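Geometric and topological summary
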Amino acid sequence: ERAYASSIEEFDDGTAATMESSSTSLLSSDLTLTDHSTDRDDSSYASSVEEFEGEGLFEVDDEECRFMHDQIQSAAFELISPDQRDSFRGRIGRILLQSLPSEELEASLFEVVSLLNCAAINITDEERDELAELNLKAGVKASENAAFDTA
C-alpha cells in the first residue's frame, strides 16, 4: 500500500487530487471519465485518468474506469488528511446527489447516503431534513430488499 501511495504522490497536485477524490467514493468501481468532485475540467480529469491507466493504477473500459486493486484505492484515500476525510466524503456525496440521473441515484442510494452521512455534523438544517428523507428512503429500500430476499 505504501508503494502505491508513493506512486500517487509523484503526480502533480491536480492529478493527485483527482486520485484522492476518486478514492473516497464507494462508487469508484464505476467512475466515469468525467468528474465533478474536483475543480478540474473534464479534459483535465480524463487526462489524469489516462495517466493513472498508463501507470497501471486504473483500468479503463469504454467510459468507465476502476482501480486495478483495492490497495490502490486505499493508498489514495490515505493521502487525504484524516481530519478532512468525512467532509471530503460528504462533498462527494453531495456531488453525486446533484449529478446522478434519478435511475442511477436510486441504484446507488445506499452508497450516496453513506457518503452524505459522513459529513452530517457540518450541514445546515435544510440539508439535515433532506438527508433524513434520503435515509428514510434508503431504509425503506433496505426493508423491501430484505422482504424480497426472504420471499
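Within any chain, residue numbers begin from 1 and follow the written order of that chain's sequence. With the structure being a predicted model, the display of local features is reserved for residues of pLDDT at least 70 and the display and counting of side-chain atom pairs for 80 or more, all residues being used for whole-chain, interface and lining totals. Excluding hydrogens and water, the side-chain figures rest on all heavy atoms present in the structure.

**Observations concerning the overall build of the protein chain**
Short version of the rule: Starting at the N terminus, helices and strands are each numbered in turn, a helix being any DSSP run of H or I of at least four residues and a strand any DSSP run of E of at least two. Should any heavy atoms of two residues lie within 4.5 Å, those residues are considered in contact. What sets the accessible areas is the Shrake-Rupley method with a 1.4 Å probe; for residues, cover comes only from the shown protein chains.
What the protein chain contains, in helices and strands, is eight helices and three strands. Counting contacts in the protein chain only where the partners sit at least 6 residues apart, residues at least 24 apart contribute 61% of the total. Carbon and sulfur atoms make up 46% of the accessible area of the protein chain, which totals about 8800 Å².

**Some points on a negative patch on the surface**
As a reminder of what qualifies: Note that patches include only residues with greater than 30% relative accessible area and no salt bridge, and the join distances are 9 Å for like charges and 5 Å for nonpolar side chains (Val, Leu, Ile, Met, Phe, Trp, Tyr). By definition here, a salt bridge exists when the distance from a side-chain nitrogen of Lys or Arg to a carboxyl oxygen of Asp or Glu is within 4 Å. In this count, Lys and Arg are taken as positive residues and Asp and Glu as negative ones, while His and the chain termini are left out. By convention, the charge on Lys lies at NZ, on Arg at CZ, on Asp at CG and on Glu at CD. To sort residues, take the accessible area from a 1.4 Å probe on protein chains only and compare it with the maximum for the residue type: under 20% means buried, over 50% means exposed, and anything in between is partly exposed.
The grouping of Glu10, Asp12, Asp13, Glu51 and Glu55 at the surface amounts to a negative patch. Along the chain, Glu51 turns up in helix 3 (residues 42-54). Classification of Glu51 by relative accessible area gives partly exposed; the value is 33%.

**Points about the environment of Ser7**
Topologically, Ser7 is positioned in helix 1 (residues 2-9). Separated by 68 residues in the primary sequence, Ser7 and Ala75 place their C-alpha atoms 9.6 Å from one another.

**Here we look at the packing of aromatic side chains**
Put simply, the rule is: Each Phe, Tyr or Trp ring, with Trp reduced to its six-membered ring, pairs with another whose centre is within 6.5 Å; inter-plane angles below 30 degrees give stacked pairs, above 60 give edge-to-face pairs, and intermediate values give tilted ones.
Summed over all chains, the structure comprises two aromatic pairs. Where Phe52 meets Phe58, the ring centres are 5.0 Å apart and the plane angle is 70°; that geometry is what we call edge-to-face. The same class applies to Phe52 as to Phe58, namely buried. Ring plane angle 85° and centroid distance 4.7 Å describe the contact between Phe58 and Phe67, whose orientation is recorded as edge-to-face.

**A few points about the pairing of strand 3 (residues 64-67)**
Keep this limit in mind: Note: two strands are recorded as paired if DSSP finds a minimum of 2 bridges between them.
The alternating pattern of strand 3 places Cys65 and Phe67 on a buried face, while none of Glu64 and Arg66, on the opposite face, is buried. When strand 2 (residues 58-61) meets strand 3, the two strands line up antiparallel, connected through four bridges. If you follow Phe58 over to strand 3, its bridge partner there is Phe67.

**Considerations on the packing of helix 2 (residues 13-24) against helix 5 (residues 85-99)**
Under the convention used in this document: Here the axes come from fitting lines to C-alpha atoms, over the contacting stretch only for helices, and the angles between their N-to-C directions go from 0 to 180 degrees. Here the angle decides the label: under 35 degrees means roughly parallel, over 145 means roughly antiparallel, 65 to 115 means roughly perpendicular, and every other value means oblique. All amino acids are sorted into three groups, where Ala, Val, Leu, Ile, Met, Phe, Trp, Tyr, Cys and Pro are nonpolar, Asp, Glu, Lys and Arg are charged, and the leftover types, Gly among them, are polar.
With their axes 9 Å apart at the nearest point, helix 2 and helix 5 run at an angle of 80° to one another. Judged by the angle between their axes, helix 2 and helix 5 are roughly perpendicular. Counted together, Glu20, Ser21 and Thr24 of helix 2 and Phe88, Arg89 and Ile92 of helix 5 form the full contact between these two elements. Residues that form the contact of helix 2 with helix 5 fall into these classes: two nonpolar, two polar and two charged.

**Describing helix 2**
The α-helix winds at 3.6 residues per turn, so residues separated by three or four positions along the chain end up facing the same way. Test applied: To estimate the expected span of a helix, count its residues, drop one, and scale the result by 1.5 Å.
Taking 1.5 Å per residue, twelve residues should reach 16 Å; helix 2 reaches 17 Å between its end C-alpha atoms and fits that length. Counting buried residues in helix 2 gives nine out of twelve residues, a clear majority hidden from the surface. When we look at burial in helix 2, the residues that qualify are Thr15, Ala16, Thr18, Met19, Glu20, Ser21, Ser22, Ser23 and Thr24.

**Overview of the confidence of the model for the protein chain**
Selection rule: Every residue gets a pLDDT, meaning the predictor's confidence in that residue, from 0 to 100.
Here the protein chain shows a mean pLDDT of 80. Residues at 70 or above account for 81%. Across the protein chain, element-level confidence peaks in helix 7 (residues 109-118) with a mean pLDDT of 93 and bottoms out in strand 1 (residues 31-32) with 52.

**Here we look at the packing of helix 5 against helix 7**
Put simply, the test is: Handedness of a crossing follows from how the near helix is turned relative to the far one, being left-handed for an anticlockwise turn of less than a right angle and right-handed for a clockwise one.
At a minimum axis separation of 7 Å, helix 5 and helix 7 run at an interaxial angle of 140°. Considering the angle they form, helix 5 stands oblique to helix 7. Of the two elements, helix 5 crosses helix 7, and the hand of that crossing is left-handed. Side by side, helix 5 and helix 7 meet where Asp86, Arg89, Gly90, Ile92, Gly93, Arg94, Leu96 and Leu97 of the first sit next to Val112, Leu115, Leu116 and Cys118 of the second. Class assignment for the residues of the contact of helix 5 with helix 7 results in seven nonpolar, two polar and three charged.

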